[in-house]
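Notes for the structure review
Residue-level listing of the chains:
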Amino acid sequence: MLLLGKGSSNCWHSTNSTSFGFLDVEAPLEESRTNVEASLDGWRTDVAEETRTDVEAPLEGLRTDVVAPLEESSLQSGRLGVLMKKLAELRIKGYEPKPGQYNNISCPMCKGGDSGEDSLNLHISADGNTAVWHCSNGNCGWEGNTMAIADVLPIYGMSKKVMKAKKVPLTEKSLGLQPLCDELLAFFAERMITASTLRRNFVMQKSCGNKIAVAFTYRRDGVLVSCKYRDVQKNFWQELDTEKILYGLDDIKNASDIIIVEGEMDKLAMEEAGFLNCVSVPDGAPAKVSSKQLPSPDQVNFYLPLV
């Protein structure tokens, strides 16, 4: 048995002279304290890292949600500023630009004719990069487009340019087309055009800002290839970069005689009169009469149908 006794130095000594002084007791305590503090430090590191991750993840998402739209808004503002300068050089000015909407303003070419109306229909794309315009004055008809980022001159006389078809097929859904409302059905009824004729020709409507426009769909073999719009004030515009074909092209596929009229309304009226073999040109009547000399009667070949 091991006996402990107290010596004169106030330290405990064993009878076999083995030391159990304070240094021997504190050493294990110091080691335990070191292990505990190391564990605490590791726990603090894990908690801090986890907390930082939990906080930074939402912040990163917030930066994406807030900064990205701000950058896009800044780009749009810059493009719109460049576009407005190009339009001003063409004397198209004196209005508040509304990207994604249509603006009826004074035409710098004809000043609205005798009536002085705002006959120029100007559309600025939602991204502020493209402007398209058309004058509805029959004696003017000025139209064209320009882009903010395109380092080229504006394109005039779009009606004389054959547009390339869009790579993505057009659909009624992609264009935002809807069936005609009662108000527009009444508009056509006043012109003796029935709902059945409108349905057969796929005449629809589209919301454009604070107004509704009639949508004349252009089709080949039943497939939608372009669309032309008209509001009740007789302002016209078309889908960009679409192929220009005759309106009602499928109706003359097997026709031996063809009637060509000036506009879509005329084509619908001819159908009401019983003539289905009728098409309309896509851009209406030209603003100016051709200066070319007409051929003499003996230079023209007439073909009469055999009865």
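The preceding data block contains the structure.
Figured I'd write up the structure that's included with this text. Just so you know, the residues in each chain are numbered from 1, in the order the chain's sequence is written. Given that the model is predicted, a residue must reach a pLDDT of at least 70 before its local features are reported, and side-chain atom pairs must reach 80 or more before they are shown or counted; all residues, however, enter totals for whole chains, interfaces and linings. Heavy atoms throughout the structure, all of them, feed into the side-chain values; hydrogens and water do not.

Because an α-helix packs 3.6 residues into every turn, residues spaced three or four apart end up facing the same way. For each residue, the accessible area found with a 1.4 Å probe, counting protein chains only, is set against the maximum for its type, and the residue is called buried under 20%, exposed over 50%, and partly exposed in between. Comment: elements are numbered from the N terminus, with helices defined as DSSP H or I runs of at least four residues and strands as E runs of at least two. The complete set of buried residues in helix 4 (residues 264–272) reads Glu-264, Met-265, Lys-267, Leu-268 and Glu-271. Considered in projection along helix 4, the buried side chains sweep an arc of 160° and stay on one side of the axis. Taken from the residues just after helix 4, Gly-274 is the one with a positive phi, measuring 105°. Summarising the geometry, the arc corresponds to the directions from the helix axis toward the C-beta atoms.

The biggest cluster of nonpolar side chains holds 18 residues, and the ones touching the most others in it are Leu-87, Ile-92, Leu-120, Leu-122, Trp-133 and Trp-142. Mapped onto this core, the elements with two or more residues apiece are helix 1 (22–89), strand 4 (120–124) and strand 5 (130–135). Setting aside anything within four residues of it in sequence, one finds Leu-120 in contact with Ile-92, Asn-103, Asn-104, Ile-105, Ser-106, Cys-107, Pro-108, Trp-133, His-134, Cys-135 and Trp-142. Counting residues in hydrophobic clusters, the runner-up holds 15 residues, among them Phe-188, Val-203, Met-265 and Leu-268. Put simply, a nonpolar core is a bunch of buried Ala, Val, Leu, Ile, Met, Phe, Trp, Tyr and Cys residues held in one set by side-chain atoms that sit within 4.5 Å of each other. Contact criterion: two residues are considered in contact whenever any of their non-hydrogen atoms come within 4.5 Å of each other.

So, on to the pattern of salt bridges. Here, a salt bridge means any side-chain nitrogen of Lys or Arg that lies within 4 Å of a carboxyl oxygen of Asp or Glu. The full count for this structure, using the stated rule, is 12 salt bridges. Notably, a salt bridge pairs Lys-211 with Asp-231, separated by 3.1 Å at the nearest N-O pair. Separated by 20 residues along the polypeptide, Lys-211 in strand 10 (residues 211–220) and Asp-231 in the loop between strand 11 (223–230) and strand 12 (236–238) bring together distant segments of the chain. The buried category is assigned to Asp-231, whose relative accessible area is 3%. The network of salt bridges with common partners includes Arg-200, Asp-251, Lys-267 and Glu-271.

Moving on, we get to unusual backbone geometry. Positive phi is not limited to glycine here, since Met-192 has a value of about 65°. Notably, Phe-202 is not glycine yet its phi reads approximately 55°, a positive angle. Within the element layout of this structure, Phe-202 appears in the loop between helix 3 (195–200) and strand 9 (203–208). Note on Phe-202: relative accessible area 40%, which makes it partly exposed.

Structurally, Asp-241 is set in the loop between strand 12 and strand 13 (259–261). Under the relative-accessibility criterion, Asp-241 is labelled partly exposed at 45%. Between the alpha carbons of Asp-241 and Ser-226 there is a distance of 8.8 Å; along the sequence they are 15 residues apart.

Looking now at the sheet that holds strand 11. Between any two strands, pairing holds if DSSP finds at least two bridges. The sheet built from 5 strands is open, its strands ordered 8-9-10-11-12 with antiparallel pairing. The open sheet has two free edges, formed respectively by strand 8 (177–178) and strand 12, since each of these has just one partner strand. Strand direction decides the pairing type here: strand 9 and strand 10, joined by 6 bridges, are antiparallel. Its bridge partner being in strand 10, Met-204 is matched across the sheet by Ala-215. Every axis corresponds to a line fitted to the C-alpha atoms, with the helix fit spanning only the stretch in contact, and the corresponding angles, defined between N-to-C directions, vary from 0 to 180 degrees. Helix 2 (residues 182–189) contacts strand 9, strand 10 and strand 11 of the sheet and is inclined by roughly 70° relative to strand 10.

Most of strand 9 is tucked away: 5 of the 6 residues are buried. In this sheet, strand 9 lies alongside strand 8 in antiparallel orientation, the contact comprising 2 bridges. Pairing of Gln-178 across the sheet is with Gln-205, part of strand 9. Between strand 9 and strand 10, which pair antiparallel one after the other, the connecting turn spans 2 residues, and Gly-209 there sits at a positive phi close to 70°.

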